[in-house]
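Descriptive structure summary
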Amino acid sequence: MPARTSPAPTGTLEAEAIATIRTLAMDAVQAAHSGHPGAPMGMAPTAYVLWQRFLRYNPEDPTWPNRDRFVLSAGHASALLYALLHLAGVKAVDAGEKSQNEPAVRLEDLKRFRQLDSPTPGHPEYGLTSGVELTTGPLGQGVAGSVGMAIASRWCAATFNRPGLELFDFDVYALCGDGCLMEGISSEAASLAGHLKLANLCWIYDSNRISIEGSTDLAFTEDVAGRFRAQGWNVLHVEDGNNLDAIDAAFRQFQSFRAAGERPTLIVVRTHIAYGSPNKQDTHAAHGEPLGDAEVRLTKRAYGWPEDARFLVPEAVRDHFKDGLGRRGAELHGAWAAKLADYGRQFPEQAAWLTRMRHRQLPEGWDQELPSFPADPKGKATRDTSGAVLNAIAKHVPWLLGGSADLAPSTKTRLAFAGAGTFTDDSPGGRNLHFGVREHAMAAILNGLAVSRVRPYGSTFLIFSDYMKNSIRLSALMEVPVIYIFTHDSIGVGEDGPTHQPVEQLPSLRATPGLITLRPADAAEVVEAWKVIMPLRHQPAALILTRQALPTLDRTRLASAVGLHRGAYVLADAPRGKPDVLLLATGSEVSLCLEARDRLAAEGIQARVVSMPSWELFEAHCREDPAYRDQVLPPAVTARVSVEMASGFGWERYVGMKGKVLGMTTFGSSAPLKDLLKKFGFTVDNVVALAREQARGKK
Ligand SMILES: Cc1ncc(C[n+]2csc(CCOP(=O)(O)OP(=O)(O)O)c2C)c(N)n1
Ligand SMILES: [Mg+2]
């Protein structure tokens, strides 16, 4: 292996294009006085070869469903992506995904790298900048998300393609660095990708052997190639990241592997951050920071670039990209559009699905088989009713697919109807996904599926949402409608003990902007929760469900569960109309409050029970209808008790500083449920006592 890469190419149009990418990235970082120039400079030749010679992408229509995806998993190298989007002439699209006649990234935007309201934020943000396929920056998320895209490509091909009318065959490329491959999530995702034989997936590893603290010798000396081979991947090496022929050969090799259909591909590209001045060579000093004006000049000189030029884009370079990527993309896109028209004539039903799926609309009649549940004091666990509802919906939403991190029998998320199938390498049209015990990768893969426009759900125990947290927040940040199904939602788990009993997870999900959390109280609320979730187009949802059975409430005596749509509703009012005390609860604690209400009435205390399955929906509803808050939570009634088997964090918002929060202040413990309920105070007696105290105190 050479000690260092060859000098940057010069003297050809290709060399000029690469130098343009490099100098744009340098200049952008320098102008912002922040950002990472190293990876963009090191990977410019590889990115150039991929985009110009291989990527099937039409800059005129960056939402073309069959485009090859390029994911910049090393999101700190965002300047590279913005330079590429700019040079390729990628067009902006509006909210309705119509291509606009203006660039996604203008030269002015590169000059405003990392500034307020620019489309060139510090890390690439999906939905903000056309052409950005996934929000990246938290290392590992991009490569893991790319697995979701590769699954989507195969699933869409199996579902929609017809002989002679292959609408889907896109490839997915993800560019990562040492950091992404150090992160555990990349191992989870690579393991699954290898198992599923996702031959349409290519990760490109910028092996520059540097991360922030210095050489990878400090903390990362494993045999990366060996690890990927063991996970069922092809591994290719490009020993010199400036050698365009070697890079070209590697992508060609990927394409032949792809045709063989057996394994995903990792291309290890050895790069070396070659700065201008000798003293920066082989040092990590400038890594991850702007180079400084003097170094920028020297580096430009080494590229044969005018030293004083800033943001210089030779017209010939733009034309070059138009002739390469642009021309190829336009031809492929044109041929695809013709195919789609033909497809629409021959397979109108599937074509209609495709249109709806692309625009995140539901098919007609998606809710025609929604079950209803009669009142039943014994009732069912909400995980069970949710499983039934999910199946009833999935039958009529052909692109709703998902699975669990090895807990489907417990989370009740298996699609069991005829034809649902299981997604495997030889049945890629299956709709049950097996993620294995890989929660973090599961959530990132769900994001990759969601941006590919299928409707994904994933499930596990609520406690393990912590393993998935960064990907969950990215679903919210990207505004994609991933459905998270979390069961075993409290100390109700019982004997499994505190390791499995969620306490702080609910508040943490509620604190995530844009995520809708729903904790239904009975079977009827489960149905209503799904009615809220399915039409969501830009928001992820977390559905929080019990393992233990809950009564199915008698809605002839109580308010309709339709109230769930407003997030909180008066389920049972004070028997004589004017409440002395409000009992607020979610999920399994709602029926506890109903019992307490009856006992309080016998003592002459009038209690109102408010079911509050979703704080987010309640807040959203109250923004539109401020009077609703006072209707549900009359300001005059300050005697209030909230009851939820989770950390009480945040309930003060609804019970006020003088109200009582009955929640968890410690971890749970391992014991039969009834003993735990007693120990932690989730008994009718205790709720009655607290309510009495509140009501008396306020009189
Ligand atoms: C999950 C996560 N942890 C830490 C960081 C902060 N961070 C940004 S870049 C970087 C080093 C990445 O090294 P590498 O992937 O080799 O990229 P290079 O520095 O070579 O461009 C770190 C630790 C991050 N973005 N994400
Ligand atoms: Mg590195």
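All values derive from a computational prediction rather than experimental measurement.

Of regular secondary structure, the protein chain possesses 24 helices and 22 strands. Of all 699 residues assigned to the protein chain, the portion counted as buried reaches 60%. Expressed as a percentage of contacts within the protein chain between residues at least 6 apart in sequence, the contacts between residues at least 24 apart total 77%. When the accessible surface of the protein chain is summed, it comes to about 25,900 Å², and 51% of that surface belongs to carbon and sulfur atoms. For the protein chain, the distance from the average position of its 74 positive side-chain charges to the average position of its 77 negative side-chain charges is 4 Å.

Relative to each other, helix 2 (residues 38–54) and helix 11 (residues 315–346) sit at 60°, their axes nearing to 7 Å. It follows from the interaxial angle that helix 2 and helix 11 lie oblique. Contact with helix 2, carried on its side by Tyr48, Trp51, Gln52, Arg53 and Phe54, involves His320, Phe321, Gly324, Leu325 and Arg328 of helix 11 and no other residues of that element. Residue classes in the contact of helix 2 with helix 11 are distributed as five nonpolar, three polar and two charged.

Turning our attention to the sheet that holds strand 11 (residues 400–404). Strand order in this open sheet of six strands is 12-11-13-14-16-15, and the pairing throughout is parallel. Edge positions in the sheet fall to strand 12 (432–434) and strand 15 (516–518), since each has one partner strand and no second. The average undirected angle you get between the axes of adjacent strands in this sheet is 20°. The pairing of strand 14 (residues 483–487) with strand 16 (residues 541–544) spans four bridges and is classified as parallel. Counterpart to tyrosine 484 in the pairing with strand 16 is alanine 542. Contacting strand 11, strand 12, strand 13 (455–461) and strand 14, helix 15 (residues 439–451) crosses the sheet at an angle of about 165° to strand 13.

Taken together, the buried positions of helix 20 (residues 615–624) are occupied by Trp615, Glu616, Leu617, Phe618, Glu619 and Cys622. Buried residues belonging to helix 20 abut helix 17 (505–510), strand 15, helix 18 (523–533), helix 21 (626–632) and helix 22 (652–655).

Right, let's get into unusual backbone geometry. The backbone phi angle of arginine 360 is positive, close to 55°, even though this residue is not glycine. With respect to the helices, strands and loops of the structure, arginine 360 is situated in the loop between helix 12 (348–358) and strand 10 (376–381). Judged by relative accessible area, arginine 360 falls into the buried class, the value being 15%.

Moving on, we get to the confidence of the model for the protein chain. The pLDDT averaged across the protein chain works out to 95; a share of 97% of its residues lies at or above 70. In the predicted structure, residues 278–286 sits below a pLDDT of 50 and forms 14 contacts with residues beyond four places in sequence or in another chain.

Counting residues in each nonpolar core, the largest one holds 106 residues, and the members touching the most others are Trp203 and Trp530. In terms of residue count, helix 5 (residues 141–160) provides more of this core than any other element does, eleven residues in total. Of all hydrophobic cores here, the second largest spans 56 residues; its members include Ala28, Ala44, Val132 and Ile267.

What counts and how
Residues numbered from 1 in each chain as written. Chains lettered and ligands numbered in written order. Predicted model: local features only at pLDDT ≥ 70, side-chain atom pairs only at ≥ 80, totals over all residues. Heavy atoms only, no water. Helix = DSSP H or I, 4+ residues; strand = E, 2+ residues; numbered from the N terminus. Buried < 20%, exposed > 50% of the residue type's maximum accessible area, 1.4 Å probe, protein only. Contact = heavy atoms within 4.5 Å. Areas by Shrake-Rupley, 256 points an atom, 1.4 Å probe, with all protein chains shown as cover. Lys, Arg positive; Asp, Glu negative; His and termini not counted. Charge placed at Lys NZ, Arg CZ, Asp CG, Glu CD. Axes fitted to C-alpha atoms, helices over the stretch in contact; angles between N-to-C directions. Parallel < 35°, antiparallel > 145°, perpendicular 65-115°, else oblique. Nonpolar A, V, L, I, M, F, W, Y, C, P; charged D, E, K, R; others polar. Pairing = 2+ DSSP bridges. pLDDT = per-residue confidence, 0-100. Core = buried A, V, L, I, M, F, W, Y, C linked by side-chain atoms within 4.5 Å.

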